[in-house]
Structures are given as C-alpha cells and as structure tokens.
Amino acid sequence: MSAAAASRPIGVFDSGVGGLTVVRALMERLPLEDIVYFGDTARVPYGVKSVATIEHFTAQITEFLLQRDVKMLIIACNTMAAVAAEVVHRLAAGIPVLDVIEAGARAAVAASPGRRIGVIGTPTTINSNAYARRMHELDPTVRVYSQACPLFVPLVEEGWLEHEVTRLTAQEYLRPVLAEEVDSLVLGCTHYPLLKPLLRDVAGLHVRLIDSALTTAEFAAERLQQAGLARTGGVADYRFVVSDVPLRFQTIGERFLGRSLGTVEKVDW
Ligand code: DGL
C-alpha cells in the first residue's frame, strides 16, 4: 500500500458528541493518524429512533465521509452499529469498516472466563440484540444479559457523572443484570465510558467493565497494520464536523474528548 493511501484520514462518526470517546481513544492509541469526525448533533438522539430512520441517516453520513476520502470508517455509535452497519459496509466499497459492537463483543468474550456477560445500551441497541448475536457467534456458550439504560445519555450530557441521581439510576438499571452474577459488563453506548468510576462502584470490582471505545482503538490499530495503511510519520490533523452547533456543544464535546475541540465545522446539508 502506498504512503499516499496511508496518509488519508480515518473517518469516525456518531449520532452526536458521544463518539468523541472513541476519537479520544484513537488519539491516544494512534497519535499519528488524521481523523475526520462527524457528529449528527442536529438529529441526536438515535437511541430511541426506528431502524429505517437510522439507516437513512447513516447512509447520508457515510457518503459524506467517503467524499472526504477516508481510508477507514469507524462507526463509533453503538446504535448505528447495531442496526445500520450493513448500510455502511455496502457503501464503503472495500474500505475497512470497524464498529464498536464488533470490538466490544470480541473484548467481552475474551475477558469473561465465567461466560456470563452483561450488556447495557440505548433501547434501540438492546432491542436489536446485536451484541448478544455477535457474542454468540464468537462463543455459543456465553450467557448474555442485556439492559436498556435510556436515562444515562441525558444524565451524562448534563455532566452528572458522579451525581446521586445517576448512582440511584445505575443501581436500578444494573440490579437485574448483576443478579445474574455477570463477570463482565459491556458499556454498549458512547456515553457510558464517562460513567466508568460510578459504574465500577455500583457493579463491584469483580465485574470487568468493557469500554468499547478503547477496544475499538486497539482493533483499528491492528487493522491499519494488517492493511498496510498505518501512518508512520507527520503531525496528526483533526477535523470535527457536526450538523448543528447546539448551545453547550463546546463544553460537552470537550468533556467527551478530554481536551480542547479546536475549530468545529458545520455541514451545509
Ligand atoms: N451514540 C449513541 C450510542 O452509542 C448514544 C446517543 C444516541 O442515542 O444517539 O448508542
């Protein structure tokens, strides 16, 4: 593969700012790679929308990133990965496509000696059963216990990462999953890595938390190496494109990214 092919950016996308948790992990794991991020901030949340609508939006975003000449596409949104990954693969025409569900499912199966895995996510992700299906393909003996946690997304966006309300909500949501004595818990939504300290408290130290942002970055590094597409030098360039710039966008975005966002471009659709 030529150096020119390797110098193209990685395209990462999400329904809003949440996918910046994946960008953050990518920046740490692959510091030389250019990244173009698209967040559909005008139409977020996706987690409560229908499959047909999510497929339609996903196709539009994929085409936008392909026009930016990306060398790899990463579906950072669990909800899109759960119900619209096929759409991305079809449009990508040979470009490697990774998603948080594939990475999270592999990591969970590898990290669960007791074969009892909990999965939390948005209602659309959990209803799709995508995590459980993928984990059963990888290991038919695993037992998967899923729970939708619709209140977590607004609580994280509110910045209530350690708030008592969030703790009570987590205790309520996790009770049935923890009762099954799971040995790992997949954080199946872009927003949940920000709740890690609180979830670790609620779930207990014996439950391993699977952060799909970190495992996706690891997976991306492997795939770039295999495809001969890893950049070997230069200074990374980051572009952030959104479909709307809501009031608290900068603050929320920086919380997810863990650093300053810089210039944010608004798409002209
Ligand atoms: N990005 C979504 C996910 O990972 C959460 C926010 C939304 O509902 O759009 O499932």
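In what follows, the structure referred to is the one given above.
Residues numbered from 1 in each chain as written. Predicted model: local features only at pLDDT ≥ 70, side-chain atom pairs only at ≥ 80, totals over all residues. Heavy atoms only, no water.

Draft legend 1. Representation of the overall build of the chain in the model. Looking only at helices and strands, one finds twelve helices and ten strands in the chain. In terms of overall size, the chain behaves like a compact globule, its C-alpha atoms giving a radius of gyration of 18 Å where 269 residues would be expected to give roughly 18 Å. Projected onto the principal axes, the alpha-carbon positions of the chain cover approximately 50 × 40 × 35 Å. Counting the 269 residues in the chain, one finds 59% classified as buried. Expressed as a percentage of contacts within the chain between residues at least 6 apart in sequence, the contacts between residues at least 24 apart total 78%. Working note: accessible area of the chain is about 11500 Å², and carbon and sulfur atoms make up 52% of it. Across the chain, the 26 positively charged side chains and the 30 negatively charged ones have centroids separated by 2 Å. (Helix = DSSP H or I, 4+ residues; strand = E, 2+ residues; numbered from the N terminus. Rg over C-alpha atoms; globule rule 2.2 N^0.38 Å. Buried < 20%, exposed > 50% of the residue type's maximum accessible area, 1.4 Å probe, protein only. Contact = heavy atoms within 4.5 Å. Areas by Shrake-Rupley, 256 points an atom, 1.4 Å probe, with all protein chains shown as cover. Lys, Arg positive; Asp, Glu negative; His and termini not counted. Charge placed at Lys NZ, Arg CZ, Asp CG, Glu CD.)

Draft legend 2. Main features of the pairing of strand β7 (residues 184-188). Among the five residues of β7, five are classified as buried, and the element is accordingly described as predominantly covered. The side-chain alternation of β7 yields two buried faces, one formed by Ser184, Val186 and Gly188 and the other by Leu185 and Leu187. The pairing of strand β5 (residues 116-121) with β7 spans five bridges and is classified as parallel. By the bridge assignment for β7, Ile120 is matched with Leu187. Where β7 meets strand β8 (residues 208-211), four bridges bridge the pair, whose relative direction is parallel. Residue Leu187 lies in a different strand from β8, and its bridge partner there is Asp211. With helix α10 (residues 196-203) bridging β7 and its parallel neighbour β8, the resulting β-α-β unit is right-handed. (Pairing = 2+ DSSP bridges. Right-handed = clockwise from strand over helix to strand, strands pointing away.)

Draft legend 3. The arrangement of the packing of helix α2 (residues 20-29) against helix α12 (residues 249-257) in detail. Between α2 and α12, whose axes approach to 7 Å, the crossing angle comes to 45°. In this view, α2 runs oblique relative to α12, as classed from their interaxial angle. Seen along the crossing, α2 lies across α12 with a hand that is right-handed. Each of Leu20, Thr21, Val23, Arg24 and Met27 in α2 lies in contact with α12, whose residues at this interface are Gly253, Arg255, Phe256 and Leu257. Of the residues belonging to the contact of α2 with α12, the class tally is five nonpolar, two polar and two charged. (Axes fitted to C-alpha atoms, helices over the stretch in contact; angles between N-to-C directions. Parallel < 35°, antiparallel > 145°, perpendicular 65-115°, else oblique. Left-handed = near helix turned anticlockwise from the far one by under 90°. Nonpolar A, V, L, I, M, F, W, Y, C, P; charged D, E, K, R; others polar.)

Draft legend 4. Structural detail: the sheet that holds strand β6 (residues 143-148). Spatially, four strands are ordered β6-β5-β7-β8 in an open sheet, and the strand pairing comes out parallel. Among the strands making up the open sheet, the edge pair consists of β6 and β8. Strand after strand, the sheet turns through a mean of 25° between neighbouring axes, direction not considered. Strand direction decides the pairing type here: β5 and β6, joined by six bridges, are parallel. Bridge pairing in β6 places Ile120 opposite Gln147. Where helix α5 (residues 100-110) meets the sheet, it contacts β5, β7 and β8, and its direction lies at approximately 155° from that of β8.

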